[in-house]
Number of protein chains: 2
Amino acid sequence: MNILIKDVWIVSQDASRKQFKGSVYVEDEVIQEVRQEPIAVEADYEINGEGKVLLPGLINTHTHIPMTLLRGYGDDMVLEEWLKTRIWPVEAKLDRESISAGTDLGLLEMIFSGTTCFADMYFFEDTIAERTIKAGLRGFLGFSLIDFGTPEFKPEELFSECEKFIRRWKGKKGLVTPVVAPHSSYTCSPETLERCAEISEEHDVLVHTHCSETQHEVSDVQRRYGVRPVEQFKKTGLLNKKTLFAHCGWITKGEVREIARAGAGVSHNPVSNMKLATGGFTPIPELVESNATVGLGTDGAASNNTLDLFETMKFAALIHKHHRWDPCVAPAQQVLDFATIGGAKALHMEDKLGSVEEGKLADLIILDFEKPHLKPCYDVVSHLVYAARGCDVYATIVNGKPLMIDRRVLTMNYEKVLWSAEEQGLRLTGE
Amino acid sequence: MNILIKDVWIVSQDASRKQFKGSVYVEDEVIQEVRQEPIAVEADYEINGEGKVLLPGLINTHTHIPMTLLRGYGDDMVLEEWLKTRIWPVEAKLDRESISAGTDLGLLEMIFSGTTCFADMYFFEDTIAERTIKAGLRGFLGFSLIDFGTPEFKPEELFSECEKFIRRWKGKKGLVTPVVAPHSSYTCSPETLERCAEISEEHDVLVHTHCSETQHEVSDVQRRYGVRPVEQFKKTGLLNKKTLFAHCGWITKGEVREIARAGAGVSHNPVSNMKLATGGFTPIPELVESNATVGLGTDGAASNNTLDLFETMKFAALIHKHHRWDPCVAPAQQVLDFATIGGAKALHMEDKLGSVEEGKLADLIILDFEKPHLKPCYDVVSHLVYAARGCDVYATIVNGKPLMIDRRVLTMNYEKVLWSAEEQGLRLTGE
């Protein structure tokens, strides 16, 4: 299959961060040509890019896709109450059917809001993998390990099932990459974390975990193990370039340097942190200054309540200006970098994803800029961060395949996905 | 003209805050019937509300509409530099043509994002009034007074021109209501503020002004006049129920009580405050506890960079949770109230606007909820604040007249507005 996008404004996100009007030619999974001159070729899909902007697909570095089914099921609540009275009772009832419905809804929302790749951690990850491949998105799917077991597996089954999961999906040239996902340093014993480190080493897979999301978590880990979460991960062999830490809202400047030195990645999830009022905040300026790898995540829709990374970019750009009383902090280009090349680095895919360059995998999105809220346009990057929304995405292409063009999805049954989500949501919540 | 909306989910925003499936019948400017039963009537416009949500049109209590032309013209800059190198040089070049283009763009964006009424303060307000009437929105238009004069009038002309403006637009049963808008207590002398108080009294018009937006402003006023802005307004006769204060980011708890006791309104503009990094923050919980009147504003698109009040609602709901480390602060229903009935109160229109009730003016919006990011739906109000965007607005009705249906504007030339905005923007900025 091949795709030609003509006369489009290209936000390359390559090392030069150059922008220009040109054409992009995609064949098989790869970006074959990026040119200012017209490209003369017959293509299965030809997209006229007049008035449109092309950029690398956005990368969501922290989410729990099936939880899209719990969007808005309990807001404005204290975390413990929310988990105990809403989330956990529902999660206990999860099965393949509800996981499929929630995953499909999340995949559809991502396709419609310009996310082409996501790092997930949840339960029934095999089902999530199957749905992801069917929809055509790119997923780094984390098999969750948590000491008291999951809705899917008993504690004693977790390690062997995790390795089966990895063997099942590893190495297959395709859309799904398996990841080990110990839940956190307060829900996983040192032994569990060490075993995850071994599995990551043995199978050469990434590790995705929650780190220092809340003050309570930090003091809890400190009380039980005498060290803060980052140190606990270090002690158990999980502070290295293979690790992706979600949140890091309560890390010290010293921990920032440790994370940067180790080459670990950080997923910044500002909307979820603000909605759950976790207080502390990811020290973005310090992380950037230390050359740490930073990506952006939405977290699950249950605490966001969307999967729209354009919205997340605006929150990320504004919250740090507000915090530091400095409008120059977290400028638009830096935040767009987090959502593209930064996320690619966090997933060790910077050679294949995160920019519009010949030879890279064709994960691309096209936005329609002919809209009132995107006029006039003095600076495309400013509009991408401060004015655009997921609903401005005109086309979404993943691995060289168009998933959505002109707000029409090509790989899923739109009505059926919405309907199943309602049905399964009501079944789970008994409402 | 009459309009019938059938089988729609109605978020009444009346005193009971009740929601129900029903029908709404609009004739002339007024909501004639709101019923759970079908309404049998022939209508010029009949809208099928299946899968849709109807609510009162959103009210933007602080903006500078023509500045929509400066969207994204200088971001991530220190306020002084931004004003001196970007905003002021452009404002010096303003004329009726550019004001018309910027106003039309802002009006079009508001129509497409569900805002039906706005409180403006800028220059060339007569031109803004004409464009507002043509587009069909409801405007509370503030004639700006500032001691060093405006691009339109010399200092000595301001008061007489202001009174002419009021006489021109006052009392006409229609979409435009004149307002007196002294810029602030640091750009207007006590004499100017006193004169504005007299004009407001004499003509029975509202006063719209900036109050305690930045720490610098507060200390500046304190240094020059020995009192903080709120006290300065009080001394000059501008702390009363006719006053609408924009921002109030740097007010004390005592000032909160003063404002509440005086019955003055507050426009909370979280996105602009965060983007400009004004630091202090409108004390929403305290204002609510004191029963102060609170509305939501976007401020000008130059510092936002949109006019989307749905986005503003989410920022308002999240920033206070984050500030207070309390997810229960600024719950969804409260924030929706700010954007509807709260704004109506701030404009002394609570008897005519802000809720879906028989006898009120028909300023209504309808959202399409059949979208991935609005599924499943456990709580419509949660979705309106935490998940919906301006682009989910299916129809916008003002004063009983449909301005947009099914994302097609009926009162403006879409292409011409976008094109003129680009042209005038480039002309003004010389880019």
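Note that the structure is predicted; figures quoted are calculated from it, not measured.

Q: How do you make sense of the relation of the copies chain A and chain B when you look at a structure like this?
A: These two copies of the chain differ by a rotation about an axis and a displacement along the same axis. For the pair chain A and chain B, the superposition axis carries a translation of 0.0 Å, the fit reaches an RMSD of 0.0 Å, and the rotation angle comes to 180°. Here the two chains are linked by the operation of a two-fold rotation axis. Among all residues of chain A, the one whose C-alpha sits closest to the rotation axis is Cys391(A), at a distance of 3.4 Å. A share of 98% of interface residues in chain A that are also interface residues in chain B marks the association as one of identical surfaces.

Q: Would you mind showing me how to read the interface of chain A and chain B here?
A: It is common to give the size of an interface as the accessible area lost on bringing the parts into contact. Of the residues lining the interface, 66 residues belong to chain A; the matching set on chain B comes to 65 residues. Taken together, both faces of the contact between chain A and chain B bury some 5300 Å²; the carbon and sulfur share is 64%. Ranking the residues of chain A by area buried against chain B places Asp76(A), His322(A) and Tyr378(A) at the top, with a combined share of 15%. Applying the counting criterion to the chain A and chain B interface returns 10 salt bridges. Glu311(A) is the partner of Arg389(B) in a salt bridge, and the nearest nitrogen-oxygen pair spans 3.5 Å. Taken together, the connections running from chain A to chain B amount to 28 residue pairs in polar contact (both at pLDDT 80 or more). Of all the secondary structure elements, the ones that give two or more residues to the side of chain A that touches chain B are helix H2 (96-113), helix H9 (270-275), helix H11 (309-324), helix H13 (380-386) and helix H14 (414-429) of chain A. Counting residues per element, the side of chain A that touches chain B draws most heavily on H11(A), at eight residues.

Q: In this structure, what is going on with the domain arrangement of chain A? I would like to understand it.
A: Residue and element names in this part refer to chain A. Segmentation of chain A into domains returns domain 1 (2-57 + 356-409) and domain 2 (58-346). Each of domain 1 and domain 2 has a C-alpha centre, and these two points are 28 Å apart. Listed by partner, the interface residues are 31 residues for domain 1 and 31 residues for domain 2. Counting the surface lost from both domain 1 and domain 2, the interface buries some 2400 Å², and carbon and sulfur atoms represent 62% of this. Where domain 1 packs against domain 2, one counts two salt bridges. Across the domain 1-domain 2 interface, the total number found is 11 residue pairs in polar contact (both at pLDDT 80 or more). Of all the elements in the fold, those that place two or more residues in the side of domain 1 that touches domain 2 are strand S5 (52-56), strand S14 (364-368), H13, strand S15 (393-398) and strand S16 (401-405). Counting residues per element, the side of domain 1 that touches domain 2 draws most heavily on H13, which supplies five residues.

Q: Explain the packing of helix H2 (residues 96-113) of chain B against helix H14 (residues 414-429) of chain B here, please?
A: Each pair of packed helices can be described by the angle between their axes along with the distance between the axes. All names here are of chain B. It is at 9 Å that the axes of H2 and H14 come closest, and there the two elements cross at 135°. By the angle class used here, H2 and H14 are oblique. Considering the relative orientation of H2 and H14, their crossing is left-handed. Residues Glu97, Ser98, Ala101, Asp104, Leu105, Leu108 and Phe112 of H2 pack against Tyr414, Val417, Leu418, Ser420, Ala421, Gln424, Arg427 and Leu428 of H14. Partitioning the contact of H2 with H14 into residue classes produces nine nonpolar, three polar and three charged.

Q: Can you help me understand the confidence of the model for chain A in this one?
A: For residues with low pLDDT, the predicted coordinates do not support detailed interpretation. Looking at chain A, pLDDT values average 97 and 100% of them are 70 or higher. In the predicted complex, the global pTM is 0.98; the interface-specific ipTM is 0.97.

Q: Can you help me understand the environment of Asp308(B) in this one?
A: Looking at where Asp308(B) falls in the secondary structure, it is placed in the loop between strand S13 (293-296) and helix H11 (309-324). Residue Asp308(B) is classed as buried on the basis of its relative accessible area, which comes to 2%. Discounting chain neighbours no more than four positions away, the residues touching Asp308(B) are Arg389(A), Glu109(B), Ser113(B), Thr298(B), Arg389(B) and Gly390(B). Within the structure, Asp308(B) has its side chain in polar contact with the backbone nitrogen of Phe310(B) (distance 2.8 Å). Within the structure, the side chain of Asp308(B) is placed 3.0 Å from the backbone nitrogen of Gly390(B), a separation counted as a polar contact.

Parameters and conventions
- Residues numbered from 1 in each chain as written.
- Chains lettered and ligands numbered in written order.
- Predicted model: local features only at pLDDT ≥ 70, side-chain atom pairs only at ≥ 80, totals over all residues.
- Heavy atoms only, no water.
- Least-squares fit on C-alpha atoms with pLDDT ≥ 70 in both.
- Contact = heavy atoms within 4.5 Å.
- Buried area = accessible area lost by both parts, 1.4 Å probe.
- Salt bridge = Lys/Arg side-chain N within 4 Å of Asp/Glu carboxyl O.
- Polar contact = N/O pair within 3.5 Å; in protein donor to acceptor, adjacent residues only side chain to side chain.
- Helix = DSSP H or I, 4+ residues; strand = E, 2+ residues; numbered from the N terminus.
- Domains from an automatic or database assignment.
- Axes fitted to C-alpha atoms, helices over the stretch in contact; angles between N-to-C directions.
- Parallel < 35°, antiparallel > 145°, perpendicular 65-115°, else oblique.
- Left-handed = near helix turned anticlockwise from the far one by under 90°.
- Nonpolar A, V, L, I, M, F, W, Y, C, P; charged D, E, K, R; others polar.
- pLDDT = per-residue confidence, 0-100.
- Buried < 20%, exposed > 50% of the residue type's maximum accessible area, 1.4 Å probe, protein only.

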